[in-house]
Amino acid sequence: MAKLILKIPGETSYLSRIREFVLDFAKTLGFDEEGLGDIEMSVDEAATNIIRHGYDEDPDLPDENKVIEIEITKIDNGIEIAIQDRGKPYNPKNAPIPNLEKHFEQMKTHGLGIFAMKQFMDELEHNYISGKGNLITMRKYLKSE
Amino acid sequence: MSKNEFSMTTYEKDDFVVLVVKGECIAGNNAPNFGTKLKELCSKTNKIVIDMKNLNCIMTAGMGILVSNLSNIRNRGGDIIVAGISNKIKMVFEKIGFDQIIKIFPTVEEVSFEDG
């Protein structure tokens, strides 16, 4: 299997299905425990951001549009995960990476999800497709021996 | 246990309370329940151990709840300790730096609230 697509309601009760879908595929590609943990958290945080900020905070968006489409693809020596929403433009790449030391000193965790996506994945891209929504593309490569 | 099942039970051990969390993950769907339970325990006791040996992952929603309760309980001279985390959770904690702010023990039996 080189590519799989999951289209699922944008609700937190479906987060576990999203994680399972991506992890099952990543395991077949040979990611180790650390890589799987990185992928799991990045995907969950991306989906959670869409649900929390894209969908739950937009009362004008019809419920039938509150879906998340995830396309996972085997690429050379790694995995590509594309996550499409139908929300307003939001570019996680523009969000600042928190200074974790200061962040925790002040007992804050806001922004950790973005931190995970940026730091745990090797590549992160964002495109806003007019009339459709945000497309976040993340790639992670297998560690070379 | 289905992927969305999540349960929490408590028991007393020595001079602390153990919160046993069981489930696939603490994430956006169940973090509010986890937060309610932890807040309730924090209002009753100053020493809490969270047993995570039956937990596969914890997302930042769960870490946020730990951090906010840590702040409250430490202001009163108490603490929250986690025990039994998997290697996967440990690696995520280390990369995020979360292991620097919360005490981690391999098992509940090894937990000590003494020293820093």
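Predicted model, so just to flag it, every value in this text is computed and none were measured.

So, how was this worked out
- Residues numbered from 1 in each chain as written.
- Chains lettered and ligands numbered in written order.
- Predicted model: local features only at pLDDT ≥ 70, side-chain atom pairs only at ≥ 80, totals over all residues.
- Heavy atoms only, no water.
- Helix = DSSP H or I, 4+ residues; strand = E, 2+ residues; numbered from the N terminus.
- Polar contact = N/O pair within 3.5 Å; in protein donor to acceptor, adjacent residues only side chain to side chain.
- Contact = heavy atoms within 4.5 Å.
- Phe/Tyr/Trp six-rings, centres within 6.5 Å; stacked < 30°, edge-to-face > 60°.
- Buried < 20%, exposed > 50% of the residue type's maximum accessible area, 1.4 Å probe, protein only.
- Pairing = 2+ DSSP bridges.
- Axes fitted to C-alpha atoms, helices over the stretch in contact; angles between N-to-C directions.
- Right-handed = clockwise from strand over helix to strand, strands pointing away.
- pLDDT = per-residue confidence, 0-100.
- Buried area = accessible area lost by both parts, 1.4 Å probe.
- Salt bridge = Lys/Arg side-chain N within 4 Å of Asp/Glu carboxyl O.
- Nonpolar A, V, L, I, M, F, W, Y, C, P; charged D, E, K, R; others polar.

(A) Layout of the side chain of Thr60(B). Position of Thr60(B) among the secondary structure elements: in helix 2 (residues 60-75). A polar contact of 2.9 Å, which involves the side chain of Thr60(B), links it to the side chain of Glu45(A). Those residues in contact with Thr60(B) that lie beyond four places of it in its chain are Met41(A), Glu45(A), Leu112(A), Gly113(A) and Ile96(B).

(B) The packing of aromatic side chains, seen in detail. All names here are of chain B. By the definition in use, this model includes 2 aromatic pairs over all chains. Ring centres 5.5 Å apart and planes at 45° place the aromatic pair Phe16 and Phe113 in the tilted group. Linking Phe16 in strand 2 (residues 16-26) with Phe113 in the segment after strand 5 (103-105), this pair joins segments that are 97 residues apart in sequence. Residue Phe113 is classed as buried on the basis of its relative accessible area, which comes to 16%. Aromatic pair Phe93 and Phe98: ring centres 4.8 Å apart, planes at 65°, arrangement edge-to-face. For Phe93, a relative accessible area of 0% translates into the label buried.

(C) Region of interest: the sheet that holds strand 3 (residues 78-84) of chain A. Residues and elements named next belong to chain A. Taken in spatial order, the 5 strands of this open sheet run 1-2-3-5-4, and their pairing is antiparallel. Unpaired on one side and paired on the other, strand 1 (3-9) and strand 4 (123-129) mark the two borders of the sheet. Averaged over neighbouring strand pairs, the angle between their axes works out to 15° when direction is ignored. Bridge analysis of strand 3 against strand 5 (residues 133-141) gives 7 bridges, and the strand direction is antiparallel. Its bridge partner being in strand 5, Ile81 is matched across the sheet by Met138.

(D) Molecular detail of the pairing of strand 3 (residues 47-58) of chain B. Residue and element names in this part refer to chain B. Judged from the 8 bridges that link them, strand 2 and strand 3 form a sheet pairing that is parallel. Across the sheet, residue Gly23 finds its bridge partner in strand 3, namely Leu55. With respect to chirality, the unit in which strand 2 leads through helix 1 (residues 31-42) into the neighbouring parallel strand 3 is right-handed. Where strand 3 lies against strand 4 (residues 79-83), 5 bridges are found, and the strand directions are parallel. Of the residues in strand 4, the one forming a bridge with Ile50 is Val82.

(E) Up close: the confidence of the model for chain B. For chain B, mean pLDDT is 92; residues scoring 70 or higher make up 96% of the total. Mean pLDDT values for the elements of chain B range from 89 in helix 2 of chain B up to 97 in strand 4 of chain B.

(F) Structural detail: the sheet that holds strand 5 of chain B. Residue and element names in this part refer to chain B. Taking strand neighbours across the sheet as the criterion, the 5 strands line up as 1-2-3-4-5 in an open arrangement whose pairing is mixed. If you trace the sheet from one side to the other, it starts and ends with strand 1 (6-13) and strand 5, each paired once. Strand-to-strand, the axes of this sheet are offset by a mean angle of 25°, without reference to chain direction. Packing against the sheet, helix 1 makes contact with strand 1, strand 2, strand 3 and strand 4, and its axis sits at approximately 175° to strand 2. Here helix 3 (residues 87-96) sits on the sheet in contact with strand 3, strand 4 and strand 5, set at roughly 110° to strand 3.

(G) Summary view of the interface of chain B and chain A. Taken together, the contacts link 26 residues of chain B with 24 residues of chain A. Between chain B and chain A the total buried area reaches about 2200 Å² when both faces are included, carbon and sulfur atoms providing 65% of it. By the criterion of area lost to chain A, the three top residues of chain B are Met59(B), Lys95(B) and Ile96(B), representing 26% of everything that side buries. The interface formed by chain B and chain A includes 4 salt bridges. Here chain B and chain A share 6 residue pairs in polar contact (both at pLDDT 80 or more) between them. Counting residues per element, the ones that place at least two in the side of chain B that touches chain A are strand 2, strand 3, helix 2 and helix 3 of chain B. Residues that form the side of chain B that touches chain A fall into these classes: 12 nonpolar, 9 polar and 5 charged.

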